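If you want the building blocks of each chain, they are given just below.
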Amino acid sequence: MDNKILVIDDEKAIADIIKFNLEKEGYSVETAYDGEEGVQAVSRVIPDLVILDVMMPKKDGFQVLREIRMYHKFPVIMLTAKEEEVDKVLGLELGADDYITKPFSMRELIARVKANLRRVDFSNVSNSNDTSVMITSEDLIIDLNKYEVKKNGNIVELTLREYELLKFLASSSNQVFSREQLLEEVWGYEYYGDIRTVDVTVRRLREKIEDNSGDFKYILTKRGVGYYFRRA
């Protein structure tokens, strides 16, 4: 295993124990202890995954995440110090793939790391065996080989998680999936009961692929059940 992980956390003791446990799992791990150092480390290391604390000096985790998402699509797991919905939702809105609340068990964090990296590894596998390399619906094209989405001929910039969610729903068009099913299928493991993650990701996806936020034509809601992709 040669995946590179960057841990950005101003609590050195926490960052170092995360590093120790991930290295035991076979990962290559770098650490940074404030936001500015973290941004610099991203450019230097080019990691496969970042574990990012929210509350940090110089630049907080949200600012670091904004800068990361300007250039990189690798998974980012946010560490939040409190059970506040605003922190979690803001992180997801800015492009975080996952979050975990302190205090957390190392076993849970490692499970999240493995699940997110599995998604990346899967995305790098050739789709040459797919019976259909493209999914089209009106002016929306999902290219499974290029891992690319176009609307009206223009590339739509999606995070890995947004793409995976769109691909999953579009591959089973008109089939309704509950939030729990989507968490398990798209996020790759049983989430710990918080289904808001799906709602936030759907909202971000709709903002990028739908024409009118009040009249969706691709990702629809089945009230009381979940979401589905309507294919024209």
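Just so you know, these numbers come straight off a predicted model, no measurement behind them.

### Some words on the overall build of the protein
Then, number 1: Each helix and strand in the protein was counted, giving 8 helices and 12 strands.
Then, number 2: In the protein, the proportion of contacts linking residues at least 24 apart, taken out of those at least 6 apart, comes to 59%.
Then, number 3: Of the roughly 11400 Å² of accessible surface on the protein, a fraction of 48% belongs to carbon and sulfur atoms.

### Here we look at the nonpolar core
A general trend in soluble globular proteins is that nonpolar side chains are found buried together.
Then, number 1: Ile142, Val149, Leu166, Leu182, Ile209, Ile219 and Phe229 are the most contacted members of the largest nonpolar core, which totals 27 residues.
Then, number 2: Looking at this core, the elements with two or more residues in it are strand E7 (140–143), helix H6 (160–171), helix H7 (179–186), helix H8 (196–209) and strand E12 (226–229).
Then, number 3: At 6 residues, the largest contribution of residues to this core is made by H6.
Then, number 4: Ignoring any residue separated from it by four or fewer positions in sequence, one finds isoleucine 219 in contact with Leu166, Leu169, Val202, Leu205, Arg206, Ile209, Glu210, Tyr227, Tyr228 and Phe229.
Then, number 5: Counting residues in hydrophobic clusters, the runner-up holds 22 residues, among them Ile8, Ala41, Met56 and Leu65.

### Describing the pattern of salt bridges
Then, number 1: By the definition in use, this model includes 20 salt bridges.
Then, number 2: A salt bridge links arginine 112 to aspartate 98, with the shortest nitrogen-to-oxygen separation between them at 3.1 Å. Placement of the pair is arginine 112 in helix H5 (residues 106–123) and aspartate 98 in strand E5 (residues 98–101), with a sequence separation of 14 residues. Each of the two residues, arginine 112 as well as aspartate 98, counts as buried.
Then, number 3: Between arginine 204 and glutamate 162 there is a salt bridge, and its shortest N-O distance comes to 2.5 Å. Within this pair, whereas arginine 204 is found in helix H8, its partner glutamate 162 is found in helix H6, the two being separated by 42 residues in sequence. The same class applies to arginine 204 as to glutamate 162, namely buried.
Then, number 4: Taken together, the salt bridges that share partners define one network made up of Glu138, Asp139, Lys151, Asp211 and Lys217.

### What to know about the sheet that holds strand E4 (residues 76–80)
Then, number 1: Strand order in this open sheet of 5 strands is E2-E1-E3-E4-E5, and the pairing throughout is parallel. The strands lining the two open edges of the sheet, one partner per strand, are strand E2 (28–32) and E5. On average, adjacent strands in this sheet sit at an angle of 20° to one another, irrespective of strand direction.
Then, number 2: Bridge analysis of strand E3 (residues 49–53) against E4 gives 4 bridges, and the strand direction is parallel. Paired with valine 50 across the two strands is valine 76, which belongs to E4.
Then, number 3: Sheet contacts for helix H3 (residues 61–69): strand E1 (4–8), E3 and E4; angle to E4, the most-contacted strand, approximately 175°.

### Re the sheet that holds strand E9 (residues 154–155)
Then, number 1: Pairing in this open sheet of 4 strands is antiparallel, and the strands run E6-E7-E8-E9 from one edge to the other. Two strands close off the open sheet at either side, each with one partner strand: strand E6 (134–137) and E9.
Then, number 2: The sheet contact formed by strand E8 (residues 148–151) and E9 spans 2 bridges and is antiparallel. Counterpart to lysine 150 in the pairing with E9 is isoleucine 155.
Then, number 3: Along the sheet, H6 makes contact with E6, E7 and E8, crossing E7 at roughly 105°.

### Comments concerning unusual backbone geometry
Then, number 1: Residue lysine 102 is joined to proline 103 through a cis peptide bond whose omega torsion reads -5°.
Then, number 2: Tracing the sequence through the fold places proline 103 in the loop between E5 and H5.
Then, number 3: Although it is not a glycine, asparagine 174 adopts a positive phi angle of roughly 70°.
Then, number 4: Here asparagine 174 shows up in the loop between H6 and strand E10 (177–178).

About the cut-offs
- For every chain, the first residue of its written sequence is number 1, and the numbers climb from 1 along that sequence.
- Only residues with pLDDT of at least 70 are given local features in this predicted model, and only at 80 or more are side-chain atom pairs given and counted; all residues enter the totals for whole chains, interfaces and linings.
- Only heavy atoms go into the side-chain values, all of them from the structure, while hydrogens and water stay out.
- Per the convention used, a helix needs a DSSP run of H or I reaching at least four residues, while a strand needs a run of E reaching at least two, with both numbered from the N terminus.
- Any two residues whose heavy atoms approach within 4.5 Å at even a single point are treated as in contact.
- Note that accessible areas follow from Shrake-Rupley with a 1.4 Å probe, and for residues the cover is restricted to the protein chains shown.
- In this description, a nonpolar core means a group of buried Ala, Val, Leu, Ile, Met, Phe, Trp, Tyr and Cys residues linked to one another through side-chain atoms lying within 4.5 Å.
- Under the scheme applied here, a residue whose accessible area is under 20% of the maximum for its type counts as buried, over 50% as exposed, and between as partly exposed, the area being computed with a 1.4 Å probe on protein chains only.
- Salt bridge, as used here: a side-chain nitrogen of Lys or Arg that lies within 4 Å of a carboxyl oxygen of Asp or Glu.
- Two strands qualify as a pair provided DSSP detects at least 2 bridges between them.
- To define axes, lines are fitted to C-alpha atoms, for helices over the stretch in contact only, and angles between the resulting N-to-C directions are given on a 0 to 180 degree scale.

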